[in-house]
Amino acid sequence: MAYKNIIVTGGAGFIGSNFVHYVANNHPEVHITVLDKLTYAGNRENLAGLPEGQVELVVGDIADAQLVDKLVSQADAVVHYAAESHNDNSLKNPFPFIQTNIIGTYTLIEACRKYEVRFHHVSTDEVYGDLPLREDLPGHGEGAGEKFTPETRYNPSSPYSSSKASSDLLVRAWVRSFGLEATISNCSNNYGPYQHIEKFIPRQITNILSGIRPKLYGSGKNVRDWIHTNDHSSAVWTILNKGKIGETYLIGADGEKNNKDVLELILEQMGQPSDAYDVVKDRPGHDLRYAIDSTKLREELGWKPEFTNFEDGMKDTIAWYTAHEDWWKSEKEAVENNYKQNGQ
Ligand code: NAD
Ligand code: DAU
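Parameters at a glance
Residues numbered from 1 in each chain as written. Chains lettered and ligands numbered in written order. Predicted model: local features only at pLDDT ≥ 70, side-chain atom pairs only at ≥ 80, totals over all residues. Heavy atoms only, no water. Phe/Tyr/Trp six-rings, centres within 6.5 Å; stacked < 30°, edge-to-face > 60°. Helix = DSSP H or I, 4+ residues; strand = E, 2+ residues; numbered from the N terminus. Buried < 20%, exposed > 50% of the residue type's maximum accessible area, 1.4 Å probe, protein only. Lys NZ or Arg CZ within 6 Å of the ring centre and 35° of its normal. Salt bridge = Lys/Arg side-chain N within 4 Å of Asp/Glu carboxyl O. Near = heavy atom within 4 Å. Polar contact = N/O pair within 3.5 Å; in protein donor to acceptor, adjacent residues only side chain to side chain. Areas by Shrake-Rupley, 256 points an atom, 1.4 Å probe, with all protein chains shown as cover. Pairing = 2+ DSSP bridges.

Trainee: Kindly report on the packing of aromatic side chains, identifying the contributing residues and their values.
Mentor: Scanning all chains against the criterion turns up 14 aromatic pairs. Taken together, a centroid distance of 5.3 Å and an interplanar angle of 35 degrees make the contact between Tyr128 and Phe148 tilted. Of the two residues, Tyr128 is situated in the loop between β5 (118-124) and α5 (159-178) and Phe148 in the loop between β5 and α5; the sequence distance between them amounts to 20 residues. Of the two residues, Tyr128 and Phe148, both sit in the buried class. Arranged with centres 4.9 Å apart and planes meeting at 80 degrees, the rings of Trp320 and Tyr321 form a pair that is edge-to-face. In this structure, Arg203 packs its charged tip against the face of Tyr339, placed 3.7 Å from the ring centre.

Here you go:
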């Protein structure tokens, strides 16, 4: 079925807004209603320049059952990105994560059940917990170490990842017990334009642009599996339109890198010495390594990533933050003060 009238929750945030741009650019026949509460992480500017007749922003809460009921009754699919998304915030105050990620998801799937509306749930690889570092395994090197697959046991570490795991399980139960027409995707770390400056890559870029030394947590050996946000968008679109109901797809682009290497690349590309950063307090419960096996998505649905040159992607991302100082500058001081209180 070709969906013509979709709701994108969290469409004014980082990945959601990139998805809205992706759909608007590639599928002009699809009408998009963005449902977004515009929390500190949401920004209407992320949707600036999109055709008004095609993209409509409704400012509201996904846990507002009345509003959700009204919007879902007029849609044929919901793509659910809205969430509290930052691990460090969840360690300080878990409540909004429980409210939005669990109760909010519950509210949406209840409405989709009532109106028999297709639902795609955007989730994270963090529901699987972490993997050991390759270097700590016997015969370490490229081949050492397993990756996450759709069969990996759930084992989340933080309030954020456990709230996302809870929401995944709600969706699975609604499929089985109520026949909800849903799919789930679990993606690795995204990077690209419009990412909030609390997150690792934009924090370091905007630190350097502001004359502040970048901050690396702990040893810097923790590995994340980076994917450009445009590739996440094409994967979600593929799953929405070609995915099998009830299935989970893992999204990744074979982009494993440790944090120290990523930071050194940013420093090099911004003309700084490779040791011009501070080591700060580690994150409690800090996951060691994420790595995605996306074979199922590639082989069953024919998806593949296109933005796989990390050095080029980083150059573009640095250029975006350099050109869009007005987008992030006013929040920089508050974000850094918040981190400072944590010793980070
Ligand atoms: P983000 O924090 O940048 O954006 C979240 C958006 O949701 C914001 O626009 C915010 O205003 C909105 N929102 C929050 N609470 C809401 C509520 N109660 N009602 C309506 N809107 C609300 O997050 P992101 O990094 O773009 O992540 C989007 C989704 O993708 C999340 O579900 C996250 O778990 C998932 N994800 C993120 C990554 C990543 O690397 N960032 C990787 C995999 C999956
Ligand atoms: O794996 C997917 C997840 O990726 C998403 O589900 C989350 O929403 C998203 O925020 C991201 O989670 P991480 O915790 O991996 O991302 P973050 O950008 O916070 O941190 C990336 C790594 O960098 C992590 O190992 C912690 C480290 N770090 C982070 C910050 C902010 C630093 O070393 N220094 C920093 O200043």
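The rest of the description comes next.
Trainee: Any details on the pattern of salt bridges? Residues and values, ideally.
Mentor: Opposite charge on two side chains makes pairing possible when the charged atoms of those side chains draw close. What the rule picks out here adds up to 16 salt bridges. Arg134 is paired through a salt bridge with Glu256; the nearest N and O atoms lie 2.5 Å apart. Placement of Arg134 in the loop between β5 and α5 and of Glu256 in strand β12 (residues 256-258) is noted, with a sequence separation of 122 residues between them. When its relative accessible area of 23% is taken as the criterion, Glu256 is described as partly exposed. A salt bridge links Arg203 to Glu336; the shortest N-O distance between them is 2.8 Å. On the criterion of sequence distance, the pair formed by Arg203 in helix α6 (residues 200-209) and Glu336 in helix α11 (residues 325-341) is long-range, its members being 133 residues apart. The residues Arg203 and Glu336 share a single accessibility class, namely buried. Each member of the salt-bridge network shares a partner with another, and the members are Arg134, Glu256 and Arg289.

Trainee: So, the site of ligand 2: which residues are in play, and what are the values?
Mentor: Contacts to ligand 2 come from 25 residues, most closely from Thr124, Asp125, Tyr160, Arg283 and His286. Between an oxygen atom of ligand 2 and a side-chain N or O atom of Tyr160, the distance comes to 2.6 Å. In this structure, an oxygen atom belonging to ligand 2 sits 2.8 Å away from a main-chain N or O atom of Tyr217. Taking 700 Å² as the accessible area of ligand 2 by itself, protein coverage stands at 95%. For the shell around ligand 2, the secondary-structure elements that each account for two or more residues are α6 and β8 (215-217).

Trainee: Account for the pairing of strand β6 (residues 182-187), with residues named and values stated.
Mentor: Of all 6 residues making up β6, 6 are buried, and the element is well covered by its neighbours. The alternating pattern of β6 places Ala182, Ile184 and Asn186 and Thr183, Ser185 and Cys187 on opposite faces, both of which are buried. Both β5 and β6 contribute to a ladder of 6 bridges, which runs parallel. Each bridged residue has a counterpart across the sheet, and for His121 the counterpart in β6 is Ile184. With 4 bridges joining them, β6 and strand β11 (residues 248-251) adopt parallel strand pairing. Paired with Cys187 across the two strands is Ile251, which belongs to β11.

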